Amino acid sequence: MAEEAASQVGISYATADDIPHILAMIRELASYEKCEHKVEATEASLKATLTFAQTSSGHTQHTNPGYAKTLILRLASTPQHLNDEPNAVAGMAMFFNNYSTWRSKPGVYLEDLYVRESYRGRGYGKMLIQALAQEVLRIEGGRLEWSCLRWNESSLAFYDGLGAKQMLDWVGLRLEGRALEDVAGGRKKALNGDA
Amino acid sequence: MSDRPKIHFATREDVPAILGLIKELAAYENAADSVQATEASLSLTLSFAPSKHRHSHSHGSSSDTNHAHNTKPPPDAPFSSSPHGQPTQASGYAKTLLLRLPEDEGADVVGMALYFHNYSTWRAKPGIYLEDLFVQPKYRKRGYGTLLIQELAKEVLRIDGGRLEWSCLKWNEPSLAFYRKLGAEEMTEWVGLRVDGDALKKLAEGKVEAVNS
């Protein structure tokens, strides 16, 4: 498919006004992965936990504390495609900063990438990833990272085409829920003084 | 309290100790040459708790006050439930927990956990990603690694977060066994992707329209 001309879309940091769009896309993404029931986010909890750019000051300084930022991809005000809605929100990339100790450099960890179904096949996913690569350079960082399910061949091939390498030697570890509470409360065998 | 190790958030004064531990960890992973961090770059990029005024007491022992790895702890350094321990430098990208030996062993910094916040979109909740965990070999088998992980687990709960996450090399059986014992889940279905160096520059340059900034 021919790539969409970059001038047809705009990518910018989300403001608090974009919260409804973000929540809608989170739900669409969860639905796509058959996990709608797992979405606990609400407009209020997103507002409380994300970092937003200022709405209309002419610059996108982030002033509120939060744990992740969002890039929003919008169609142009005069879109080329028939049936495209002007300025429609077509996709997002949610990310946070990570850190490389040995280089003492930050980086960007892409937590969620989503392009709405109607707008797929136009290269918007790649544009969002490219915008994040620029963000890494902007903060004088070193890496752009994310994760993918191992069986997702088509996504892995796409990422390979972007120049990403697979971190095959590593496995992720996670403590959550009851297991997390047990560790916090010292209720595991390993925590009872004999380790 | 004098016979128990203390854990606290690092202050700026702890940067030399942090760098020392980073270098030791790199050497342990046979990657000593990879360390590009310096005291200056760490000071610029990490978050720190407020410094305490270290009044150097007049009598004697000035010999140990400036030893890079043995800065005396603040007089009251309970852990994160106290407001004294809260990092305040909002511009840093990662925080560091330091573990000091008990007072009667010299209170040296012998372990650290360096971490940053991550985020779970579906829950709209933060979490903690543990980037580096290290206890000096001499002080292993005392449960210090576990104590550091426990403090991080408490910190996740304190910030109303959901997860404590980290990564491990697949061949590192002793570490994986330790993590399993703690109740951690191995995310075997996932693979990490990374773009850095020249590939990152190429990727960034491919875009025609700049991000609004």
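Look up: the structure comes first, before these words.
So, how was this worked out
Residues numbered from 1 in each chain as written. Chains lettered and ligands numbered in written order. Predicted model: local features only at pLDDT ≥ 70, side-chain atom pairs only at ≥ 80, totals over all residues. Heavy atoms only, no water. Pairing = 2+ DSSP bridges. Helix = DSSP H or I, 4+ residues; strand = E, 2+ residues; numbered from the N terminus. Axes fitted to C-alpha atoms, helices over the stretch in contact; angles between N-to-C directions. Contact = heavy atoms within 4.5 Å. Core = buried A, V, L, I, M, F, W, Y, C linked by side-chain atoms within 4.5 Å. Buried < 20%, exposed > 50% of the residue type's maximum accessible area, 1.4 Å probe, protein only. Phe/Tyr/Trp six-rings, centres within 6.5 Å; stacked < 30°, edge-to-face > 60°. Lys NZ or Arg CZ within 6 Å of the ring centre and 35° of its normal. Buried area = accessible area lost by both parts, 1.4 Å probe. Salt bridge = Lys/Arg side-chain N within 4 Å of Asp/Glu carboxyl O. Nonpolar A, V, L, I, M, F, W, Y, C, P; charged D, E, K, R; others polar.

A. Looking closely at the sheet that holds strand 6 (residues 185-187) of chain B. Sheet architecture is open: 7 strands sit in the order 1(B)-2(B)-3(B)-4(B)-5(B)-7(A)-6(B), paired in mixed fashion. Edge strands, defined here as strands with exactly one partner in the open sheet, are strand 1 (6-9) and strand 6 of chain B. Between one strand axis and the next, the sheet turns by 30° as a mean value, whatever way the strands run. Those strands touched by helix 1 (residues 15-28) of chain B are strand 2 (95-100), strand 3 (109-120) and strand 4 (125-135) of chain B, and its axis lies near 85° from that of strand 3 of chain B. Here helix 4 (residues 173-182) of chain B sits on the sheet in contact with strand 7 (170-176) of chain A together with strand 5 (163-169) and strand 6 of chain B, set at roughly 160° to strand 5 of chain B.

B. A look at unusual backbone geometry. Unlike most non-glycine residues, Glu-140 of chain A shows phi in positive territory, near 55°. Looking at where Glu-140 of chain A falls in the secondary structure, it is placed in the loop between helix 3 (124-138) and strand 5 (143-149). A positive phi angle, near 60°, is found at Ala-107 of chain B, a position not held by glycine. For Ala-107 of chain B, the location among the structural elements is in the loop between strand 2 and strand 3.

C. Region of interest: the nonpolar core. Among the nonpolar cores identified, the biggest contains 48 residues, and Ile-22 and Leu-46 of chain A together with Ile-18 and Leu-42 of chain B are the most heavily contacted of them. Sorting elements by how many residues they give to this core places helix 1 of chain B first, with 8 residues. Excluding residues that lie within four positions of it along the chain, Leu-46 of chain A makes contacts with Ile-19, Ile-22, Leu-23, Ile-26, Ala-41 and Phe-52 of chain A together with Tyr-119 and Ala-124 of chain B.

D. Region of interest: the packing of aromatic side chains. For the coordinates displayed, the defined rule picks out 6 aromatic pairs over all chains. Look at Phe-116 of chain B and Tyr-129 of chain B: their rings are 5.2 Å apart centre to centre, the planes differ by 20°, and that puts the pair in the stacked class. You can see Phe-116 of chain B sitting in strand 3 and its partner Tyr-129 of chain B sitting in strand 4, a full 13 residues away along the chain. Given the relative accessible area of 6%, Phe-116 of chain B is considered buried. One aromatic cluster is present, built from ring pairs that chain together Trp-146, Phe-158 and Tyr-159 of chain A. Arg-140 of chain B extends its terminal NZ or CZ atom over the ring of Tyr-28 of chain B, reaching a point 4.8 Å from the ring centre.

E. Looking closely at the interface of chain B and chain A. Contact with chain B, which involves 80 residues of that partner, is made by 83 residues of chain A. Contact between chain B and chain A buries roughly 7800 Å² in total, counting both sides, with carbon and sulfur atoms accounting for 63%. Looking only at chain B, the three residues that lose the most surface to chain A are Trp-122, Leu-193 and Arg-194 of chain B, adding up to 13% of its buried area. Inspection of the region where chain B meets chain A yields 6 salt bridges. The residue Lys-165 of chain A makes a salt bridge to Asp-196 of chain B at a minimum N-O spacing of 3.2 Å. Looking at side-chain class alone, the side of chain B that touches chain A contains 40 nonpolar, 21 polar and 19 charged residues. Strand direction decides the pairing type here: strand 7 of chain A and strand 5 of chain B, joined by 7 bridges, are antiparallel.

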